[in-house]
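# Working through the structure, step by step
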Amino acid sequence: MLKSIAFIGAGNMAEALITGLLQAKLVDADRITAIDLREERLNELSAQYGLKTSPSLDRLSTNDVVVLSVKPQSFEGLLEALSGKINRESVIISIAAGITLSTIEAKLPQNKVIRAMPNTPALVGMGATAIAQGKLADDRDMESAKAIFSSVGLCLSVNEKDMDAVTALSGSGPAYAFRFIELLAEHGKDLGLAEDIANALAVQTVLGAATLVDETKQPPQALRQKVSSPGGTTVAGLAALEQAGFSKAIESCLNAAHARSKELSKG
């Protein structure tokens, strides 16, 4: 169990992590502090979860873990404000996209830093998070970070050099899946299905396919082949996908997101 944790920035991802921590009983509610300039938001979190709140950074020195969950554009100012306010024993975990470990360590050189890239399904306990270890962080710190993010889904350790690829695949990936679901439903309606029927079938189909891969541990290729009867409808549909450039489109999608992530990381 964590002794104490503070979240700087009390947005949706911070709330998802707070919910996961409480459900997993990793920390007591009165040992969680949410820090945000929005008083209404702090009151909402306090009422719902019974945690501590603050509009300032004054309570940071007593926390074992400090999660930096503000928008990337606010990060530089935050790092300046944090100087001298964090206990050197505290573990700093950043979930800001594009902010490198070296950027944080340059401003907080005495602290142990871990970089994390969660994704939005963490909001329903189905997230995918990658974490990368900073210079001073040790295996115990990484285990603490892994416990935090495992409370809202899958958590894997990677080298920081792979974070741009993680961002392209799982960080941005939910949006690609949302678009695929959107198009399945849209063209299902074009074929004559009622909107509610098309939407429900599209959502459940993608959810079911992902669950089947996860639970059977079979490669997606093997499962695809099992439902692709020679001369059948699935084979016809897959052939049309490839003819339209489906594989190339996915490759281009990830390459573009990866390139943009690298640009952001360079500032």
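Placed above this text is the structure.
Here's a quick rundown of the structure. Computed from a prediction, not measured in an experiment: that's the story for all the values here.

## A word on helix 1 (residues 12-23)
Between the first and last C-alpha of helix 1 there are 16 Å, a value that for twelve residues agrees with the 16 Å anticipated at 1.5 Å per step. The complete set of buried residues in helix 1 reads Met 13, Ala 14, Glu 15, Ala 16, Leu 17, Ile 18, Gly 20 and Leu 21. In this structure, the buried side of helix 1 is in contact with strand 1 (5-8), strand 2 (32-35), helix 2 (39-49) and helix 5 (139-150). Phi turns positive, to about 60°, at Lys 25, one or two residues after helix 1.

## Concerning the sheet that holds strand 6 (residues 112-117)
If you walk across this open sheet you meet the eight strands as 3-2-1-4-5-6-7-8, and the pairing is mixed. Each end of this open sheet is capped by a strand with a single partner; those strands are strand 3 (52-54) and strand 8 (153-157). Across the sheet, the axes of successive neighbouring strands diverge by a mean angle of 20°, strand direction being ignored. Both strand 7 (residues 127-133) and strand 8 contribute to a ladder of five bridges, which runs parallel. Within strand 8, the position partnered with Thr 129 by the bridge is Cys 155. Across the face of the sheet, helix 3 (residues 75-82) comes into contact with strand 1, strand 4 (65-68) and strand 5 (91-94) while running at roughly 155° to strand 4.

## Topic: a nonpolar patch on the surface
A surface patch of nonpolar side chains, about 390 Å² in accessible area, is lined by Phe 180, Leu 184, Leu 241, Phe 246 and Ile 250. Secondary structure elements with two or more residues in the nonpolar patch: helix 7 (173-190) and helix 11 (246-265). With respect to the helices and strands, the residue Ile 250 is situated in helix 11. Exposure remark for Ile 250: the relative accessible area of 41% places this residue in the partly exposed category.

## Observations regarding the pattern of salt bridges
Evaluation of the coordinates by the stated rule reveals eleven salt bridges. Here Arg 41 and Glu 44 are joined by a salt bridge, their closest N and O atoms 3.0 Å apart. Residue Arg 41 and its partner Glu 44 are located together in helix 2, separated by three residues, close to a single helical turn. The exposure class of Glu 44 is partly exposed, given its relative accessible area of 39%. For Arg 260, the salt bridge goes to Glu 263, with nearest N and O atoms at 2.9 Å. Highlighted residues: Arg 260 and Glu 263, both in helix 11, separated by three residues, approximately one helical turn. Its relative accessible area of 47% is what places Arg 260 among the partly exposed residues. Where salt bridges share partners, they join Glu 15, Arg 41 and Glu 44 into one cluster.

How each quantity is defined
- Residues numbered from 1 in each chain as written.
- Predicted model: local features only at pLDDT ≥ 70, side-chain atom pairs only at ≥ 80, totals over all residues.
- Heavy atoms only, no water.
- Helix = DSSP H or I, 4+ residues; strand = E, 2+ residues; numbered from the N terminus.
- Expected span 1.5 Å × (residues − 1).
- Buried < 20%, exposed > 50% of the residue type's maximum accessible area, 1.4 Å probe, protein only.
- Contact = heavy atoms within 4.5 Å.
- Pairing = 2+ DSSP bridges.
- Axes fitted to C-alpha atoms, helices over the stretch in contact; angles between N-to-C directions.
- Patch = residues over 30% accessible without salt bridge, like charges linked within 9 Å, V, L, I, M, F, W, Y side chains within 5 Å.
- Areas by Shrake-Rupley, 256 points an atom, 1.4 Å probe, with all protein chains shown as cover.
- Salt bridge = Lys/Arg side-chain N within 4 Å of Asp/Glu carboxyl O.

These figures capture arrangement, not role.
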